[in-house]
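# Remarks on the overall topology
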Amino acid sequence: MKNYDIVIVGGGPAGLAAAVSAKQNGVDSILILERDKELGGILNQCIHNGFGLHTFKEELTGPEYAERFIRQVQDLGIEFKLNTMVMEISENRVVTAMNREDGLFDLQAKAVILAMGCRERARGALNIPGYRPAGIYSAGTAQRLVNMEGYMPGREVVILGSGDIGLIMARRMTLEGAKVKVVAELMPYSGGLKRNIVQCLDDYGIPLKLSHTVVDIKGKERVEGVTLAQVDENSRPIPGTEEFYSCDTLLLSVGLIPENEISRGMGVEINPVTSGPKVNESLETNMEGVFACGNVLHVHDLVDFVSEEAAAAGRNAAAYVKTVSLGTESTRQSDRKTDEEYLAERIPDKAAEQEICLIPTSGVRYTVPSTIRVSHMDEHLTVRFRVGNVYKNCYVSAYFDEKRVIHRKRQVVAPGEMEELKLTKEQILQYPNLKTITIKIEEA
Amino acid sequence: MEVKNLICINCPMGCALTVEMEGNEVVKISGNTCPRGEAYGRKEVTDPTRIVTSTVKVTGGKAEMVSVKTKQDIPKGKISECIKALKDVEVQAPVYIGDVIVADIAGTGVDIVATKNIELL
Ligand SMILES: Cc1cc2nc3c(=O)[nH]c(=O)nc-3n(C[C@H](O)[C@H](O)[C@H](O)COP(=O)(O)OP(=O)(O)OC[C@H]3O[C@@H](n4cnc5c(N)ncnc54)[C@H](O)[C@@H]3O)c2cc1C
Ligand code: SF4
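Note that the coordinates shown come from a computational prediction; the quantities given were computed from them, not determined experimentally.

## Some points on the confidence of the model for chain A
When the pLDDT values of chain A are averaged, the result is 91; 93% of them are 70 or greater. Predicted confidence for residues 346–351 of chain A stays below pLDDT 50, and this span has ten contacts to residues more than four positions away or in other chains.

## Quick look at the interface of chain B and chain A
Contact residues are listed per partner, giving 27 residues for chain B and 30 residues for chain A. Of the roughly 2600 Å² buried where chain B meets chain A, counting both sides, 56% is carbon and sulfur surface. Inspection of the chain B/chain A interface yields five salt bridges. Residue Glu-59 of chain A is joined to Arg-36 of chain B by a salt bridge in which the shortest nitrogen-to-oxygen separation is 3.7 Å.

## Examining the pattern of salt bridges
All names here are of chain A. All chains considered together, the criterion is met by 33 salt bridges over all chains. Among the ionic pairs, Asp-5 bridges to Lys-110, the shortest N-O distance being 3.3 Å. Taken together, the residues span a long stretch of sequence, with Asp-5 in strand β1 (residues 2–9) and Lys-110 in strand β8 (residues 103–114) at a distance of 105 residues. In this pair, the class of Asp-5 matches that of Lys-110, namely buried. One network of salt bridges, in which partners are shared, links Glu-308, Glu-309, Arg-384, Glu-420 and Lys-422.

## Section: the sheet that holds strand β3 (residues 25–30) of chain B
All names here are of chain B. Here three strands make up an open sheet; going across it, the order is β1-β2-β3 and the pairing antiparallel. Because the sheet does not close on itself, it has two edges, and the strands there are β1 (2–7) and β3. With strand direction ignored, the average angle separating the axes of adjacent strands in the sheet is 25°. Along the sheet, helix α1 (residues 35–46) contacts β1, β2 (16–22) and β3; its crossing angle with β2, the most-contacted strand, is approximately 50°.

## As for a nonpolar patch on the surface
A contiguous nonpolar patch, built from Met-85, Met-87, Met-98 and Leu-104 of chain A and spanning about 380 Å² of accessible area, is present on the exposed surface. Tracing the backbone through its elements, the reader meets Met-85 of chain A in strand β6 (residues 85–89).

Each value, and the rule that gives it
- Residues numbered from 1 in each chain as written.
- Chains lettered and ligands numbered in written order.
- Predicted model: local features only at pLDDT ≥ 70, side-chain atom pairs only at ≥ 80, totals over all residues.
- Heavy atoms only, no water.
- pLDDT = per-residue confidence, 0-100.
- Contact = heavy atoms within 4.5 Å.
- Buried area = accessible area lost by both parts, 1.4 Å probe.
- Salt bridge = Lys/Arg side-chain N within 4 Å of Asp/Glu carboxyl O.
- Helix = DSSP H or I, 4+ residues; strand = E, 2+ residues; numbered from the N terminus.
- Buried < 20%, exposed > 50% of the residue type's maximum accessible area, 1.4 Å probe, protein only.
- Pairing = 2+ DSSP bridges.
- Axes fitted to C-alpha atoms, helices over the stretch in contact; angles between N-to-C directions.
- Patch = residues over 30% accessible without salt bridge, like charges linked within 9 Å, V, L, I, M, F, W, Y side chains within 5 Å.
- Areas by Shrake-Rupley, 256 points an atom, 1.4 Å probe, with all protein chains shown as cover.

What follows is the structure, encoded as structure tokens:
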């Protein structure tokens, strides 16, 4: 069985940035496994601009952003395998993967970085009885068809859900000559970025109907039209508000969900709110030496933050590998343990230190990370989170145990946009025996 | 005085801008996080422009389509003309990021460039 210091599952922006950073932090034995025929992940189908302004101070399209990282991976001589699907990872970090040339094979990794991204919620989200005629697509599938295969799925379109992919596709299909009649959103606010509402819907006069859903689909073989209705606070359709729209295509853009089948299989604990792993300050899961970053950890809207998060995961995985490698060399001399035996043991300091728990409450839905070990913290730690509703003129606050330490005024926070809060090690060290940090929204 | 509320689209932060106008003159812009926001606000009320992205067919390459964009933003009113002009364009592989696919699209003085590398098959 081949050995690697770090095996990275997924060659999207998260996997690429993690690899580059691990290499720059002194680890040479790195392998990226990617199931697609090219590196770059979802960015390859995101041909619109709006990527990388924070990282590169210029506005790139998805493929251009990916290319910057792919080139770094190539220049640094980092090994990768394409068309290779990871099937399973064992507790002891044996990675089982499959491709045409090698068949089914196993690799032993000292550290694993999970970077599998996310997938679209299925059309089960469409909670209506009856036929499922042709002409119903997820927005991401439509995006791939139009942008990569040059195939237009339809001419008259209704979009359910105002996630970013749906908004981007509203514009794309309009420009390609389709008539996008309406975007319906179940919630009273949009799930997408504000800029996408402006430049994808407003620019083209496409109406966005908030608090609306599809209650009926007409057509047996092919979609002939859909009926929308307004919903009440409990998301139940209000009788008498039904409106019919004729169309041949219904796009669903009802959200993304982290792809964690492999993580679950190996025993990684999942946060039910994000559907991604629970991680500590090092972005390490409950399984030692297993790190996570990007959309597999929690769904991001900005690739810049994916790259930033992934770089941290790469750095932390590199530090971890160095610690276990040192241990392995010294114990080898004394009692001739093999790598695997050593790795199977737990790192001694893990249990000793008390972890600080991050608690999301009052409007804050989750935080990444969930716990902090101060001894493993860098000088700065970025805590990312999402809110559950739209709040105007509010404060984002952090309480260290009972004491309010951060109280930052915000004009508006919304579920569609990820928030962040910076903590410093210095700040935390001022509170010995700190047990919890509570993050909440406080209204003015 | 007229007040316009806009959302800066220069980056996904989507800052809420307030543009105060005196006739056709912009007197004050607030709400932006960075200088690009101010420039956007000024432009959006006087001469709105957009970057346009699309795809064109490739022959002999590892993919069917290559993604492209306008190298700079073009007037909003020129978007559909620009897309029409791209309809029947076909290029030969290999194509590299930054290659000019169509020069001076729709009389805007702006080039259409490739945004993805497509190697020969
Ligand atoms: C439609 C859309 C529009 C967006 N627009 C913007 C924007 O305008 N600006 C912006 O900054 N961000 C945008 N984003 C967000 C950003 O692109 C994503 O957050 C980012 O691409 C996530 O990166 P990732 O590496 O975590 O996931 P992905 O890009 O999904 O990469 C995951 C990779 O893992 C591979 N993989 C999964 N499972 C396995 C397995 N078992 N074995 C091997 N490989 C596997 C997949 O094939 C894939 O290549 C957009 C996202 C979408 C979907
Ligand atoms: S003002 Fe600056 S930070 Fe805010 S959206 Fe515009 S470009 Fe982005």
